[in-house]
Amino acid sequence: MSTAALHAEHDSHHHDHKESFISKYVFSMDHKMISRQFLITGIIMGIIGMGMSLLFRLQLAWPDEQFGILETLLGKWGKDGKIDPNFYMGLVTIHGTIMVFYVLTAGLSGTFSNLLIPLQVGARDMASPFMNMLSYWFFFMSSVVLLISIFVETGPASAGWTVYPPLSALEKAMPGSGMGMTLWLVAIALFIVSSLLGGINYISTVLNMRTKGMSMNRMPLTIWAFFFTAILGVLSFPVLLGAALFLIFDRSFGTSFYLSDIYLEGVGALENIGGSPVLYQHLFWFLGHPEVYIILMPALGITSEVISTNARKPIFGYTAMVISLMGIAILSFIVWGHHMFITGMNPFLGSVFMILTLIIAVPSAVKAFNYLATLWKGNLRFTPAMLFSIGLVSFFISGGLTGIYLGNAAMDIQLHDSYFVVAHFHLVMGSAAIFGMFAGIYHWFPKMFGRMMNNTLGYFHFWFTFISAYLVFFPMHFMGLAGVPRRYYQFTLLKEFDVWMDVNKLITVAAIIGGIAQLFFLWNFFYSIFKGKKSTQNPWESNTLEWSTPVEHLHGNWPGEIPTVYRGPHEYSRPDRELDYFPQYLPDETAPVTAPQEGEQTAPTEVVPEKTVESSVFFAAIKRVFGLS
Amino acid sequence: MADISKFARRKNLFWFRKMKLNLFGVKSNSLFKKTLAIFGLMLTPIFLLAADDVVAAPTEFNPMAWDWSSILTLVLAILIILVIARSFDIGSLTEKITGKTIVSWNNVNAWAGIIFLVLGLIGVWYEMKVHGKYLKLGDSASAHGETLDSMFYWTFGFTFFVFVITEVLLFYFMYKYKYDKNRKAAYFFHNNKLEIIWTIVPAIVLTFLVLRGFSTWTKITTDIDKNSEEIEVFGYQFGWKARYAGDDKQMGTANFNFISGSNPLGVAEDSAVSSLVQELNGEIVKLEAVKAAIEDSSKLWKAQYDRYVSTGMSSSYPEEFKIMKSKYNDLISGAYERQLEKDIKRKNTAIKRILAYQKDHETFNGTAKDDKITTEIVIVKNKPYILKFRARDVIHSAYIPEFRVQMNCVPGMPTSFAFTPIRTTAEARATKNDPEFDYYLFCNKICGAAHYNMKIKITVVGSEEEYKTWLATQTPFVAPPAAPAAPTAPKADSTAVKQGTVVKN
Ligand code: HEM
Ligand SMILES: [Cu+2]
Ligand SMILES: [Cu+2]
């Protein structure tokens with residue numbers, strides 16, 4: 001990096017800060033480097049998770065066929081070219097865990113919160129760069145432990161990504177509940193630590209480190225989304241840690257939090273009495289439901305920003321977007337019971353959760369309509385990022401609508417744990433969030449690596465992925481409606497499910513095509529890091545603050561003072577401007593550059609003008625809700 | 001640049017920076033070494049924990065046996081893709097050099113959106129046509145299922161309408177408003193009227209759906225016919241059993257402590273439970289004997305172990321050696337003895353609990369004797385049933401898609417589901433035009449390796465008589481002492497059916 005002068009001055013302040021290889025690339029405390037570390041780890045985990053899904057899709061489509069390659073790859077788990085049923089469960093479990101936590105929580109939030117929060121609010125770095133570094137390395141350790149668990153002799157955790165006890169608590173209940181499960185719990189504990197360290201940092205940076213003029217209601221929607229996401233994570237992950245701790249106690253120290261009245265074949269009646277497996281489910285889903293929004297909200301934030309930029313048009317209903325994000329965030333804490341309608345929970349409780357769940361559909365609908373209204377009368381540039389954002393909107397609609405079926409307790413009797421659920425969450429959470437992540441990567445790649453990705457490859461990547469995702473997940477709705485259960489190793493033993501064999505084949509073929517399409521992306525990504533076209537400073541002609549930093553990264557982001565912010569992030573195509581964008585950091589031409597905006601005080605950089613918090617949308621919304629003003 | 005130095009100084013606040021590290025004689029105050037050391041310390045126990053269990057390497061490294069044709073195909077495929085990928089780079093390079101746009105990608109993408117939309121909608125229509133007929137909707141085999149199906153159609157109508165409208169708009173906008181450098185996008189931020197409309201309308205529709213869902217759900221779960229006949233359904237790894245009350249119309253109580261080879265459901269029946277106690281006592285005696293002989297067996301295993309090591313058999317028979325090494329380790333470390341003690345303690349607890357129950361005549365009231373444990377469920381059309389679920393080991397879920405029935409079976413928490421079948425198996429066979437069709441109850445909660453094959457057949461018969469005939473062929477738990485076959489008792493007033501209870505601790 002070509003900022004020797006800056007570093008010279010920088011170094012004089014703390015002597016031991018040498019930019020050695022280790023401090024620059026390994027234990028970096030620079031948010032931009034940490035975001036790259038998160039991204040690349042996330043991509044690697046994504047490749048593994050996706051590879052696993054292809055393996056078990058192979059089994060589902062051709063259960064009677066033998067694939068030599070499976071034996072080569074899996075050793076004893078692939079004897080005679082067929083996946084062992086126990087290992088199939090392990091694959092499904094690790095696939096789910098990797099995708100949900102490692103790719104779409106750490107890989108997505110970790111990457112873009114780290115990259116964009118300081119850059120878009122105008123801060124030199126995170127509130128605590130050191131905690132930020134720890135956050136990555138805890139995530140890294142967690143990934144390593146999870147990957148080790150796959151190679152354990154008794155197999156990885158296999159009780160599904162939700163690891164319900166007693167199945168996950170009793171070593172004798174299935175092979176995967178032995179050492180594999182122990183490592184899974186260790187990995188998740190480390191993951192939670194990482195997520196908390198990150199989340200606390202994101203929240204404090206957003207609240208305390210905005211540059212002059214960056215009041216809350218001028219923040220890009222990305223930042224709002226990351227902010228709410230971090231709050232959700234900080235409030236809900238500790239509950240999962242509690243659930244996991246109780247599970248560890250039950251497994252290793254003979255307690256009975258989740259265990260009662262159990263007789264195990266080959267062991268006999270267990271001593272445990274008085275626990276409840278349903279307690280675990282309550283604790284798990286208290287995290288689990290916010291978790292799906294932890295996955296989705298950053299993707300929605302990214303999409304808002306990308307769509308507004310590439311439609312060259314202000315995002316429609318900024319305030320409505322923020323309020324609906326806030327509504328979703330709050331409601332997401334009180335709907336967890338919709339995962340438990342048929343656990344034997346009190347039916348009245350089920351009714352309450354049903355009502356709350358269907359309420360959450362309203363803010364979600366508002367968001368979808370707002371995206372459409374933003375596209376309307378826009379001037380759309382189809383960069384790959386824009387295409388992926390449009391893809392997200394499409395998935396968000398088609399996956400979100402099926403939530404109305406599942407949120408209805410009565411209909412959930414039939415649909416629970418069927419392929420309908422698999423279709424629903426893969427569209428609304430899996431595909432939508434992955435598309436948001438791709439949109440983010442294509443859009444901010446120039447900011448991350450100073451180079452451009454190849455657009456043509458991006459188009460091919462998009463269309464193949466988009467089509468194959470629909471081909472994979474759409475037919476699953478029909479299977480689910482017909483009562484085909486999920487987490488089944490094969491269907492050929494059950495005649496009534498035989499009619500779905502050709503659909504299963506179609507899905508697998510589509511999944512393989514989707515897998516191949518990712519090669520376009522991987523090539524494009526890694527090649528462009530080194531050989532891509534050099535980026536200009538503001539390649540997408542965007543308004544937000546990150547594009548005012550130099551292409552070459554430097555510690556502290558801006559060479560001089562942090563720019564002041566003069567207006568909201570979405571002033572595209574203003575009629576009084578010749579250009580179709582008007583960056584936040586350019587002063588109004590009519591007003592003198594140094595004049596402070598109305599309602600703001602001149603304050604030192606990095607310190608938020610006191611008034612702004614109060615005037616923020618957040619408080620305005622709260623006031624409105626409680627009728628205070 | 002004042003604020004950069006301020007920023008840099010702030011990082012110095014951490015105690016961690018000032019801390020001096022002295023680990024295993026390595027002194028350092030480098031931040032990175034300290035961090036590395038701490039991570040190392042945290043990971044070490046995990047590695048130690050896992051090291052023994054992790055398969056070090058495939059036992060035999062035998063590339064000859066690998067599936068080379070697949071590997072080569074895969075590699076080749078990847079190479080081809082990468083070459084294609086590379087050629088795009090060159091393509092855009094030539095565009096750069098010649099300065100001509102060969103393809104206007106913006107238009108291509110806009111059109112691709114329209115094509116996708118049209119093909120997608122055709123695909124949706126095709127799916128419905130082809131797979132619609134496999135959907136179980138419209139021929140629910142239970143009474144409440146018909147309400148569910150009608151609710152499904154309402155929801156489907158609403159969501160499908162929204163789905164089509166919004167997706168069409170999305171791709172239409174994509175085409176209509178594609179970039180044109182002579183045009184400027186509209187400049188507006190919001191429109192209150194529009195926003196209120198699209199908040200209120202979904203809210204109203206959802207209210208309607210919620211209210212219907214609410215009333216249906218409440219009816220299904222709480223409005224239960226008092227005359228319902230009870231059947232117990234018992235899930236275990238990996239299968240189902242059902243229990244009928246027998247001639248006395250009373251379901252005996254049951255408890256997991258009573259489960260044994262001859263009493264798979266653990267019903268409270270004196271002779272079965274007494275023999276279980278005997279069995280357990282016998283096992284305890286055996287375990288005690290093993291424990292007493294532990295000194296000797298340790299010696300034996302040690303001799304074995306030493307022989308393996310000294311003769312080099314440990315490397316020529318790695319598999320056997322591994323097994324015996326772990327046995328040996330367990331013996332030496334005392335883990336084996338602790339395990340024995342645990343087993344003994346558990347069995348003693350079981351005996352204690354059983355004996356306590358046996359004193360309680362509420363539990364052992366003899367009603368279990370004539371209960372019939374079956375491997376098939378037979379029910380009568382138009383008769384209300386309540387299925388009582390129990391699980392032996394882990395959570396299972398009783399799922400009968402044809403009846404729109406599902407309920408989890410949870411160890412330690414009895415659950416139930418009430419329904420009325422309205423279509424006999426024979427009728428279903430006729431309408432489905434499939435003479436081999438049968439109703440099944442599947443397991444729908446992941447429960448282990450054979451989860452995918454855990455089912456029990458349900459037969460719906462048309463008349464009480466057919467059912468009675470079938471039930472007569474099933475043996476009661478304790479065969480009656482060669483009494484003359486009792487004529488079927490006059491149909492008892494079914495309100496007298498006493499609710500069998502499951503003993504809870
Ligand atoms: C590469 C494309 C993908 C394919 C082909 C795929 C396919 C599947 C299939 C067939 C299942 C098993 C369903 C079952 O038997 O229950 C599954 C489970 C799951 N997938 Fe994916 N999936 C993909 C990507 C994703 C993504 C992006 C996510 C992120 C949310 C995800 C999250 C999950 C989860 C949470 C489960 C449930 C695991 C469990 O049952 O414990 N998948 N996937
Ligand atoms: Cu949820
Ligand atoms: Cu099961």
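Residues numbered from 1 in each chain as written. Chains lettered and ligands numbered in written order. Predicted model: local features only at pLDDT ≥ 70, side-chain atom pairs only at ≥ 80, totals over all residues. Heavy atoms only, no water.

## With respect to the coordination of the iron atom of ligand 1
All names here are of chain A.
And step 1. Coordination of the iron atom of ligand 1 by the protein comes from H95 (NE2) and H426 (NE2), over a distance range of 2.0 to 2.1 Å.
And step 2. Given 6 donor atoms and angles of 85 to 178° at the metal, the environment of the iron atom of ligand 1 is assigned as octahedral. With H95 in helix α5 (residues 85-121) and H426 in helix α14 (residues 419-449), this pair connects stretches of sequence that are 331 residues apart. An identical accessibility class is assigned to H95 and H426; each is buried. (Donors = N, O, S within 2.8 Å, 3.2 Å for Na, K, Ca; no water. Tetrahedral: all angles 85-135°; square planar, octahedral: opposite > 155°, others 65-115°. Helix = DSSP H or I, 4+ residues; strand = E, 2+ residues; numbered from the N terminus. Buried < 20%, exposed > 50% of the residue type's maximum accessible area, 1.4 Å probe, protein only.)

## Focus: the packing of aromatic side chains
And step 1. On inspection of all chains with the given rule, the structure shows 102 aromatic pairs over all chains.
And step 2. With centroids separated by 5.0 Å and ring planes inclined at 15°, the aromatic side chains of W523(A) and Y527(A) adopt a geometry described as stacked. One end of the pair, W523(A), and the other, Y527(A), are both in helix α16 (residues 501-531), 4 residues apart, so they sit about a helical turn from each other.
And step 3. Overall, the relative accessible area of 22% leaves Y527(A) in the partly exposed class.
And step 4. Ring centres of F258(B) and Y357(B) lie 5.6 Å apart, and the angle between their planes is 85°; on these two criteria the pair is classed as edge-to-face. Of this pair, F258(B) sits in the loop between β4 (239-244) and α8 (270-292) while Y357(B) sits in helix α12 (residues 335-359), and the two are 99 residues apart along the sequence. (Phe/Tyr/Trp six-rings, centres within 6.5 Å; stacked < 30°, edge-to-face > 60°.)

## Regarding the coordination of the copper ion (ligand 2)
Residues and elements named next belong to chain A.
And step 1. At the metal site, the copper ion (ligand 2) is ligated by H289 (ND1), H338 (NE2) and H339 (NE2), and these contacts range over 1.6 to 2.1 Å.
And step 2. Counting along the primary sequence, the residues that act as donors to the copper ion (ligand 2) give the motif H-x48-H-H. Within this pair, whereas H289 is found in helix α9 (residues 277-311), its partner H338 is found in the loop between α10 (318-331) and α11 (347-375), the two being separated by 49 residues in sequence.
And step 3. Accessibility expressed as a relative area gives 5% for H289, which makes it buried.

## Considering the domain arrangement of chain B
And step 1. Looking at chain B, the domain boundaries give domain 1 (4-50), domain 2 (67-101), domain 3 (103-222), domain 4 (230-245 + 366-473) and domain 5 (270-358).
And step 2. Here the C-alpha centre of domain 5 of chain B lies 39 Å away from the C-alpha centre of domain 4 of chain B. (Domains from an automatic or database assignment.)

## Focus on the environment of Y452(B)
And step 1. Mapped onto the secondary structure, Y452(B) falls in the loop between β11 (439-443) and β12 (455-461).
And step 2. According to the relative accessible area criterion, Y452(B) is buried, its value standing at 13%.
And step 3. When the C-alpha positions of Y452(B) and F238(B) are compared, they lie 9.3 Å apart, and in sequence the two are 214 residues distant.
And step 4. Discounting chain neighbours no more than four positions away, the residues touching Y452(B) are P85(A), Y488(A), Y489(A), Q490(A), L493(A) and L494(A). (Contact = heavy atoms within 4.5 Å.)

## Here we look at the pairing of β11(B)
Residue and element names in this part refer to chain B.
And step 1. Extensive coverage of β11 is indicated by the burial of 4 of its 5 residues.
And step 2. One ladder, built from 2 bridges, connects strand β8 (residues 396-400) with β11; its direction is antiparallel. Looking across to β11, one finds that Y399 is bridged to F442.
And step 3. Of the strand pairs in this sheet, β11 and β12 are connected by 4 bridges, and their pairing is antiparallel. (Pairing = 2+ DSSP bridges.)

## Comments concerning the pattern of salt bridges
And step 1. Applying the stated criterion across every chain, the model contains 30 salt bridges over all chains.
And step 2. The partner of K457(B) in a salt bridge is D438(B), and the shortest N-O contact between them spans 3.9 Å. With a gap of 19 residues between them, K457(B) in strand β12 and D438(B) in the loop between α13 (425-432) and β11 connect regions that are remote in the sequence.
And step 3. Salt bridges sharing partners connect three or more residues here, namely R312(A), R381(A), E541(A) and D580(A). (Salt bridge = Lys/Arg side-chain N within 4 Å of Asp/Glu carboxyl O.)

## Topic: the sheet that holds β11(B)
All names here are of chain B.
And step 1. The sheet built from 5 strands is open, its strands ordered β6-β12-β11-β8-β9 with mixed pairing. This sheet does not close on itself; its edge strands, each paired only once, are β6 (377-380) and β9 (405-409). Across the sheet, the mean angle separating the axes of adjacent strands is 25° when strand polarity is ignored.
And step 2. Sheet topology note: the β6/β12 ladder contains 4 bridges and is parallel. Along β12, the bridge assignment pairs I377 with I458. (Axes fitted to C-alpha atoms, helices over the stretch in contact; angles between N-to-C directions.)

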